[in-house]
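Okay, here's what each chain looks like letter by letter:
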Amino acid sequence: MLDMKMIRQNLDWYKNKMAERGVEAETIDKLMELDNQRRDLIVKSESLKAERNEVSDQISHLKRNKENADDAITRMREVGAEIKQLDEQLEQVKTEQDDLEAHLPNVPHDGVPVSLTEEGAVELRKVGTPRKFDFKPKPHWEIGENLDILDFKRSAKVAGSRFVYYLGAGSMLERAVYNFYLDENDKAGYTEIIPPYMVNSASMFGTGQFPKFKENKAGFEIKDSDLTMIPTAEVPLVNFYRDEVIPSEKLPVKFTALSPAFRSEAGSAGRDTKGLIRLHQFNKVEMVQFTKPEDSWDALENITHQAESSLKKLGIPYHVITLTSSDMSFTASMTHDIEVWMPSQDCYREISSCSNTTDFQARRAHIQYRDENGKLQYIHTLNGSGLAVGRTVAAILENFQNDDGSVNIPEVLQPYMHGMKKITKQELF
RNA sequence: GGAGAGUUGGCAGAGUGGUAAUGCACCGGACUCGAAAUCCGGCGAACCGAGCUUAUACUCGGCGCGCAGGUUCAAAUCCUGUACUCUCCUCCA
């Protein structure tokens, strides 16, 4: 959500910033036109209301003194009708303006590479060296199915495409990964939370998914209810403080949560149709921070490094990129993506997305704190995957696969798997 | 799922048609060497708009009693719908 006063005062700057995200100048012009109309109507309506209040007071006095007030009442009847008409117009304009505002993305930070496509993302750093294979590395779904730890046939029968069954050691690996991540985040000072996996519309609006998410049918809404399956734990974590004032001595607040994420993947037809990369339901460990405005840019680096540190311990090669102005999510002012090396695809694939949404979500969700002067200010919110669990399992299977089809388990995960060092083909049932 | 009760300022708590009592807390002042007590004054920094502006400062106005509508010259008060909380019953991991 936007600060209209700020936009009014810095209109050209705002137009340029929105242009970086592909928003046309005409849209902003329309917004300003509506804003002017709205304020004009407010002035008219409010002056009539002031008159009504004054005369009503007189009527009340007249009646108390048993005097006749018919004239005033007749006059106020007309004023009342006029007010009603103005307020109806006002409501209409306001709805239109709100709708327009709700669709405008966050302002990109000056450090964000400007581009109207995803081309132009800046690589910040590359960590680890992709392994040289002396055999042809298999894709993770083949490895998983051969080892009998992933079953995509039965998940298709039972639920449909883009679902999976993890079996035996596969299931154990998934849970080892998320327990490892949660422990790492705990150690870094993030409070662990188990949130609701369904949320109401106000929450979806608060974090910026609605209205676009709804229009694009990007998620799973529960029929005949106001609930939506969460597309990320970011939604219940950020909305934890919706409509609240966080005591400033508590800042920064850091949350982490494991949750399934539910996404319809509409518009992704034909992309990543196999394997664990793009499912309707996947596990993700999420990190969220609430900070004072002056601390949020440091916090973005901090949250990104936290996600990276877990990956380093796993020993999976990755790089970090800063997304372009148009490739970022709607709410972000700057986003660092972490991408892991996937040998079978010979490229890096996203495993984490860390964003500073500045005060954008805080305005929508009304999350504030009191500054040193006791004034209410919007806080800044940040979110980052720390990290996607299914994609981690995919990366482990591919990066640590052996010629004989077995997979080595990263050392840091072995304690989480009863000391197992290697996954070999299992006899299950 | 059924029945009932409730939702008012930071907290407590009045108000059943005439424009939000009161207490506590908080802020300022007086008294005091200082503090406490007492006294005086202030107290919707939730939001919107106008004027004046460097200003989120100030002045004025609107709005404001869970939310959304309706009736009325006038609604916290009356009517309708709805959300949430609590209690009881039912059901259930």
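Source: prediction; values computed, not measured.

Draft legend 1. The arrangement of the overall build of chain A in detail. For chain A, the helix and strand inventory stands at 13 helices and 17 strands. Reported as C-alpha extents along the three principal axes, the dimensions of chain A are approximately 100 × 45 × 45 Å. Counting the 429 residues in chain A, one finds 51% classified as buried. Intrachain contacts of chain A at a sequence separation of at least 6 include 74% that bridge at least 24 residues. If you sum the accessible surface of chain A, you get close to 21,000 Å²; carbon and sulfur atoms cover 49% of it. Chain A carries 54 positive and 68 negative side-chain charges, and their two centres are separated by 3 Å.

Draft legend 2. Inspection of the protein's contact with RNA strand B at higher detail. Looking at RNA strand B, there are 25 residues lining it, with Glu-46, Asn-53, Ser-56, Arg-64 and Arg-77 nearest. Taking the atoms of RNA strand B that fall within 4 Å of the protein, sugar and phosphate contribute 72% of them. One of the side-chain N or O atoms of Ser-56 is found 3.3 Å from a base oxygen in RNA strand B. Elements with a contribution of two residues or more to the surface near RNA strand B: helix 1 (4-9), helix 3 (25-64) and helix 4 (70-102). The element best represented in the surface near RNA strand B is helix 3, accounting for 14 residues. Here the residues of the surface near RNA strand B sort into 7 nonpolar, 5 polar and 13 charged.

Draft legend 3. Focus on the sheet that holds strand 7 (residues 244-246). What the 3 strands build is an open sheet, ordered 7-13-14; its pairing is mixed. Two strands close off the open sheet at either side, each with one partner strand: strand 7 and strand 14 (376-378). This sheet shows a mean twist of 45° between the axes of neighbouring strands, independent of strand direction. Of the strand pairs in this sheet, strand 13 (residues 367-370) and strand 14 are connected by 3 bridges, and their pairing is antiparallel. What sits directly across from Gln-368, in strand 14, is Tyr-378.

Draft legend 4. Quick peek at helix 4. In this model, helix 4 (33 residues) spans 46 Å end to end at C-alpha, consistent with the 48 Å of a helix rising 1.5 Å per residue. Every buried residue belonging to helix 4 is among Ala-72, Met-76, Val-79, Ile-83, Leu-86, Leu-90, Val-93, Gln-97, Leu-100, Glu-101 and Ala-102, and all of these are buried. The secondary structure elements touched by the buried residues of helix 4 are helix 1, helix 3, helix 8 (201-206) and helix 12 (360-365).

Draft legend 5. Spatial organisation of the packing of aromatic side chains. Scanning the model with the defined rule gives 11 aromatic pairs in all. Arranged with centres 5.9 Å apart and planes meeting at 40°, the rings of Phe-180 and Tyr-181 form a pair that is tilted. Here the two residues Phe-180 and Tyr-181 agree in accessibility, since each one is buried. Centre to centre, the rings of Phe-240 and Tyr-241 are 4.9 Å apart; their planes meet at 90°, and the pair counts as edge-to-face. Linked through ring pairs, Phe-240, Tyr-241, Phe-255 and Phe-290 together constitute an aromatic cluster. Seen from the ring of Tyr-190, Lys-254 lies directly overhead, with NZ or CZ sitting 5.3 Å from the centre. When the ring centre of Phe-205 is taken as reference, the NZ or CZ atom of Arg-364 above it lies at 4.3 Å.

Draft legend 6. Looking closely at the packing of helix 7 (residues 169-187) against helix 13 (residues 389-399). Following both chains from N to C, one finds helix 7 and helix 13 inclined at 115°, their axes separated by 9 Å at the closest point. Here helix 7 runs over helix 13; the crossing is right-handed. Where helix 7 approaches helix 13, its residues Leu-173, Glu-174, Val-177, Tyr-178 and Tyr-181 are matched on the opposing element by Val-389, Gly-390, Thr-392, Val-393, Ile-396 and Leu-397. Split by residue class, the contact of helix 7 with helix 13 holds 8 nonpolar, 2 polar and 1 charged.

Draft legend 7. Seen up close, the side chain of Asn-185. Along the chain, Asn-185 falls in helix 7. Apart from residues no more than four positions distant in its own chain, Asn-185 is found in contact with Tyr-190, Thr-256, Val-285, Met-287, Gln-306 and Gly-386.

Draft legend 8. Spatial organisation of the UniProt feature "binding site: L-serine" (unreviewed entry) in chain A. In the numbering used here, UniProt assigns the feature "binding site: L-serine" (unreviewed entry) to Thr-232, Ala-233, Glu-234, Arg-263, Glu-286, Asn-383 and Ser-385. Taking the relative accessible area as the measure of exposure, Glu-234 reaches 8% and is therefore buried. Other than its neighbours up to four places away in sequence, Glu-234 contacts Thr-207, Gln-209, Glu-286, Val-288, Gln-361 and Asn-383. If you trace the backbone, Glu-286 turns up in strand 9 (residues 281-291). If we skip the residues at most four places from it in the chain, Glu-286 touches Thr-232, Ala-233, Glu-234, Leu-237, Phe-255, Thr-256, Ala-257, Asn-383, Gly-384, Ser-385 and Gly-386.

Draft legend 9. Broad picture of unusual backbone geometry. Along the chain, Leu-251 connects to Pro-252 via a cis peptide bond; the corresponding omega equals -5°. Residue position: Pro-252 is located in the loop between strand 7 and strand 8 (253-262). Here the amide bond leading from Gly-386 into Leu-387 is cis, since omega sits at 0°, within 30 degrees of zero. Note on placement: Leu-387 falls in strand 15 (residues 380-388). We note that Asp-346 has phi near 55°; this positive angle belongs to a residue other than glycine. Structurally, Asp-346 can be placed in the loop between strand 11 (334-342) and strand 12 (347-356). We note that His-366 has phi near 55°; this positive angle belongs to a residue other than glycine. Among the secondary structure elements, His-366 is positioned in the loop between helix 12 and strand 13. Judged by its relative accessible area of 41%, His-366 is partly exposed.

Conventions and cut-offs
- Residue numbering note: each chain is counted from 1, following its sequence as written.
- Note on labels: chains are lettered from A, ligands numbered from 1, in written order.
- Residue-level local features of this predicted model are given only where pLDDT is at least 70; pairs of side-chain atoms are given and counted only at 80 or more, and the full residue set underlies all totals for whole chains, interfaces and linings.
- Processing note: side-chain calculations cover all non-hydrogen atoms of the structure and skip hydrogens and water entirely.
- Numbering goes from the N terminus for both helices and strands, where a helix is a DSSP run of H or I of at least four residues and a strand is a run of E of at least two.
- Burial classes: relative accessible area under 20% of the type maximum marks a residue as buried, over 50% as exposed, and values in between as partly exposed (1.4 Å probe, protein chains only).
- Contacts are assigned to residue pairs that have any heavy atoms within 4.5 Å of one another.
- Per-residue accessibility takes into account occlusion by the displayed protein chains alone, with areas from the Shrake-Rupley method and a 1.4 Å probe.
- Positive charges come from Lys and Arg, negative ones from Asp and Glu, while His and the chain ends are left out of the count.
- Positions of charges follow a simple convention, taking NZ of Lys, CZ of Arg, CG of Asp or CD of Glu.
- Near is defined per residue: the residue qualifies when any heavy atom it owns lies within 4 Å of the molecule or strand.
- Contacts described as polar in this section are N or O atom pairs within 3.5 Å, which, within protein, must combine one atom able to donate a hydrogen with one able to accept it, while residues neighboring in sequence count only if both atoms come from side chains.
- Following the grouping adopted for this structure description, the nonpolar residues are Ala, Val, Leu, Ile, Met, Phe, Trp, Tyr, Cys and Pro, the charged ones are Asp, Glu, Lys and Arg, and the polar ones are all others, Gly among them.
- Two strands pair if DSSP finds at least two bridges between them.
- Every angle, taken between N-to-C directions, lies between 0 and 180 degrees, and every axis is a line fitted to C-alpha atoms, over only the stretch in contact when it is a helix.
- A helix is expected to reach a length of 1.5 Å times the quantity of its residues less one.
- Here a Phe, Tyr or Trp ring, Trp counted by its six-membered ring, pairs with any other such ring whose centre lies within 6.5 Å, and the pair is stacked when the planes are under 30 degrees apart, edge-to-face when over 60, and tilted otherwise.
- Look at NZ for Lys and CZ for Arg. If either is within 6 Å of the ring centre and within 35 degrees of the ring normal, a charge sits over the ring.
- Handedness of each helix crossing follows the sense of rotation of the near helix against the far helix: counterclockwise by less than a right angle gives left-handed, clockwise gives right-handed.
- UniProt positions are given in the numbering used here, feature names are shortened, and annotations may be inferred rather than shown by experiment.

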